[in-house]
Structures are given as C-alpha cells and as structure tokens.
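Summary of the model geometry
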Amino acid sequence: MLSGKYMKHILILTGRFGMGHCCAAEAIRQEISAINPQAEVHIIDLIDYLFPRGSELIYCAFAHLVNRYSAVYNYLNRAAGRCSILPMNAVIMRKLDRLLCDHQADIVVSTLPICSQCISAYKQQRDAHIPLYTYITDIGAQDEWIVPHTDAYFVGARDTKDELIRKGICADRIHICGIPVRRDFLHPVSHASASGQTELLIMGGGLGLIPSSDTFLSALSRMHGIHLTVITGKNQALYTRLKAQYPSITVIGYTEQVAHYMRNADLLITKSGGITTFEAIHCATPLYVIHPFLMQEIGNAEYIERNHIGRVLWSNSDDVTYDILSLLQSHAQLTAMKQNMEQICRGLEATCPAAYFGGEAS
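Described in the following lines is the structure provided in the data block. Fair warning: this is a prediction, and the values are worked out from it, not measured in the lab. (Residues numbered from 1 in each chain as written. Predicted model: local features only at pLDDT ≥ 70, side-chain atom pairs only at ≥ 80, totals over all residues. Heavy atoms only, no water.)

Now for the overall build of the protein chain. Helix and strand counts for the protein chain come out as 15 helices and twelve strands. For the protein chain, the proportion of its 362 residues judged to be buried stands at 54%. Put simply, of all contacts in the protein chain between residues at least 6 apart along the chain, 65% involve residues at least 24 apart. Looking at the protein chain as shown, the accessible area adds up to about 16200 Å², and 53% of this sits on carbon and sulfur atoms. (Helix = DSSP H or I, 4+ residues; strand = E, 2+ residues; numbered from the N terminus. Buried < 20%, exposed > 50% of the residue type's maximum accessible area, 1.4 Å probe, protein only. Contact = heavy atoms within 4.5 Å. Areas by Shrake-Rupley, 256 points an atom, 1.4 Å probe, with all protein chains shown as cover.)

Bringing the sheet that holds strand 5 (residues 152-155) into the picture now. Taken in spatial order, the six strands make up an open sheet running 2-1-3-4-5-6, and their pairing is parallel. Pairing within the sheet leaves two strands with one partner each, and these edge strands are strand 2 (40-45) and strand 6 (174-176). For this sheet, the mean angle separating the axes of adjacent strands, direction not counted, is 20 degrees. Examined bridge by bridge, strand 1 (residues 9-14) and strand 3 (residues 107-110) share four bridges and lie parallel to one another. Bridging across to strand 3, L11 finds its partner in V108. Across the sheet, helix 1 (residues 20-35) touches strand 1, strand 2, strand 3 and strand 4 (132-135), and the angle it forms with strand 1 is around 165 degrees. Running over the sheet, helix 6 (residues 113-126) touches strand 1, strand 3 and strand 4 and is turned about 165 degrees from strand 4. (Pairing = 2+ DSSP bridges. Axes fitted to C-alpha atoms, helices over the stretch in contact; angles between N-to-C directions.)

What follows deals with the sheet that holds strand 9 (residues 250-252). One open sheet holds the six strands; their spatial order is 9-8-7-10-11-12, and the pairing between them is parallel. Bordering the open sheet on either side are strand 9 and strand 12 (310-313), each of which pairs with just one other strand. Between one strand axis and the next, the sheet turns by 20 degrees as a mean value, whatever way the strands run. With four bridges joining them, strand 11 (residues 287-290) and strand 12 adopt parallel strand pairing. Residue pairing in the sheet places I290 in a bridge with L313 of strand 12. Against the sheet, helix 13 (residues 320-328) contacts strand 7 (198-203), strand 8 (226-231), strand 10 (267-269), strand 11 and strand 12, and its axis sits at roughly 165 degrees relative to strand 11.

Between its terminal C-alpha atoms helix 14 (residues 331-346) stretches 23 Å, which fits the 22 Å expected from 16 residues at 1.5 Å a residue. Among the residues making up helix 14, those that are buried are L334, M337, K338, M341 and I344. Projected onto a plane normal to the axis of helix 14, the buried residues spread over an arc of 115 degrees and lie on a single side. Exposed residues lying more than 90 degrees from the buried face of helix 14 are H331, A332, Q343 and R346. Along its buried surface, helix 14 packs onto strand 10, helix 11 (274-283), strand 11, helix 12 (295-306), strand 12 and helix 13. (Expected span 1.5 Å × (residues − 1). Arc of directions from axis to C-beta.)

As for its placement among the helices and strands, S221 is situated in helix 8 (residues 214-221). Given the relative accessible area of 17%, S221 is considered buried. Setting aside residues up to four positions removed in sequence, S221 forms contacts with L228, Y246, S248 and I249.

For the structure shown, the criterion picks out seven aromatic pairs. Both rings, one in Y133 and one in Y356, keep their centres 5.3 Å apart while their planes meet at 80 degrees; by these two values the pair is edge-to-face. One end of the pair, Y133, is in strand 4; the other, Y356, is in helix 15 (residues 354-357), and 223 residues separate them in sequence. By the burial criterion, Y133 is buried, and Y356 matches it. (Phe/Tyr/Trp six-rings, centres within 6.5 Å; stacked < 30°, edge-to-face > 60°.)

Within the structure shown, the criterion is met by 15 salt bridges. Salt-bridge contacts for E26 lead to R29; the nearest nitrogen and oxygen are separated by 2.7 Å. Residue E26 and its partner R29 are located together in helix 1, separated by three residues, close to a single helical turn. With a closest N to O distance of 3.4 Å, E279 and R182 form a salt bridge. (Salt bridge = Lys/Arg side-chain N within 4 Å of Asp/Glu carboxyl O.)

Just distances and angles here, no functional claims.
Laid out in structure tokens, this is it:
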C-alpha cells in the first residue's frame, strides 16, 4: 500500500452498462474527496476511452440485449466469468499507458468487471505495481469480478465477502463497506408525507425499465389514499406515454433528486440493482421487487429477502396490486424492514478507508 502523502492522483474506471456503475464511481469520488481533499480524482468511462468510435454502438447493443434477450445476457455473463484476465493487444496497451500517464495515476479504482480485467492484464504485461481496488457493485461476487493483481476488494455485504473467501481471496483484502451511494443519500431519513397520503415510488433503474404492467399501474393510480410517483429515467417514450395515460400519477424523467423522492417514499418498487438496493437501505425505504431475471438482480433480490428489507415477487403470475396493497397496510412489516435497513448501515465500514486513499483516519 502506498503512503498516504503520495496518493494525489486517483483514477476511477467505470462504464455505462446500466447507470449503476457510474453512480458508484461518483459516490466513490465524493467520498475520496471528503477524506483526502488534496487528491485529484478523475472518473473515466473506459469503454469510451478505448473505443471512442464504437462505444455508443456497444452500449446500445448492451441495452438491447438486456431488454429483449435476458437469457442470452445471462449466458454471456456466465461465460465472461470464466475469463479471469483479458487478452490485450498492443493498441489497447498503448492507450492504457497514455491513460495512466496523462492522469499520473497513483491508484486505479474499478466499478466494472471489464475495467478490473483490463488493469489486471495491464499490470501483468507491463509488470506494473499500481494498486488496483475493485468495488463490486452487486451482492453476488461473480467470477468476472475476481482477477489477478487486485490489491483490495470493497464489497456490499458479509455474504459477498464470504463468497470471495470461498473462491480463494484472502479475507484481509476484502472490506465490507456497502455498495457506494452518493452523499445525498446519506442525510437523515424523513418519511413524512406532506400530502398525508401513502407515498409509493416506482423506479426502473438507469435504463428506464419499469418493472410493472399497465394493469397494476392503472389500479394503483385509482387507489384512495395512495400517491404514486414514477421515475422513468432517460426513457422519454415511457415518460410521454405515462404522462398522457395516467394524469393522477406524478411522472418524473431523468432527475438528480432521486434521493429526495426515495427518502419520502413509504415503499419503493424497482429492479433489484445493487446501487438502488443500497440507496434504499441508506434512505430506510422498504423495497418491492417484481420478478428479477438478470443474474446480478437475482442475487440482490435474494439478499433483500434474506435480510427482510423488502419483498420479492418471484412470479409474474401473482396478483401484484393486491400484494403491494397488503404490504402497504402492514405497518409492522414496513417498520421492521426500515429497522433492518438501519441495522445494516450501522454494520458497514467506511466506503473509502482512509488508509487506502491517503486520507486521515477518523
């Protein structure tokens, strides 16, 4: 580990495969800047950097795969886990040389498996000793995250640490810090509704995928005493349709105020992304997950269920509307979920331990 006084230049590598990885990168940047104000922290989308002419096509293909062919995505994800280090050609190696040189990087932080794989391969081929810290942004420690030459892993839960240990990673290199969330999610929690109604929030994740159907949206929008807010993200078509079709629903497009909406919700209906799960945990907002189908989301949903911080509906065939209303009417269940979330927060280490990032220990 480098001495803290030399840790002036920190490079965070990420990518827009869903917005969660980028959100984690920004959360880490905020935390490092708080503990080490002298540090220069830069976030780089590695896919944009390495493939400037093809990155948009890569990201569009990813979104299409996730939306339309989730079974193929899961298969490819499992296959990627069998490749612990990427073959690197000379062009990519020279680009990585330039990236690390231009930013005078003392540390590389990764929030995306392919970023960890690239830097691992770089360290091996160049015999480089720059520290590589990987933040695993889901509860499941899939094999694609585990690469040689990783100096430390920062994980969301004890479950993740135990899985890494079973896969041969030394316990001393694993830190349970929660999945990183931006600082606006760390404010004191308030669930008081100005309207006096039960606040129900629906989010679909960075790709704007709402885990819902018109049937239950229509039913919930007509329920007395329930105010429904839907955040559609960058999905403009969905925003326009919902705005026209459901005048009683508050429809929000892309917003930087997610923490505000989440903090004031009594229940959050969403995909079980790792970032969203821990944003909800820090806001103490119980989760409701409908039919998770991507590999990472299944692992996160199992964590939600196991720790009693939300409810997971594993089958699309169940009556979603009835089940949601039943949970909203159970004050005891919602209170217990919030308390469990608060307990999880109390058990976390610092997101960016000062000894690793050149800050002062608190």
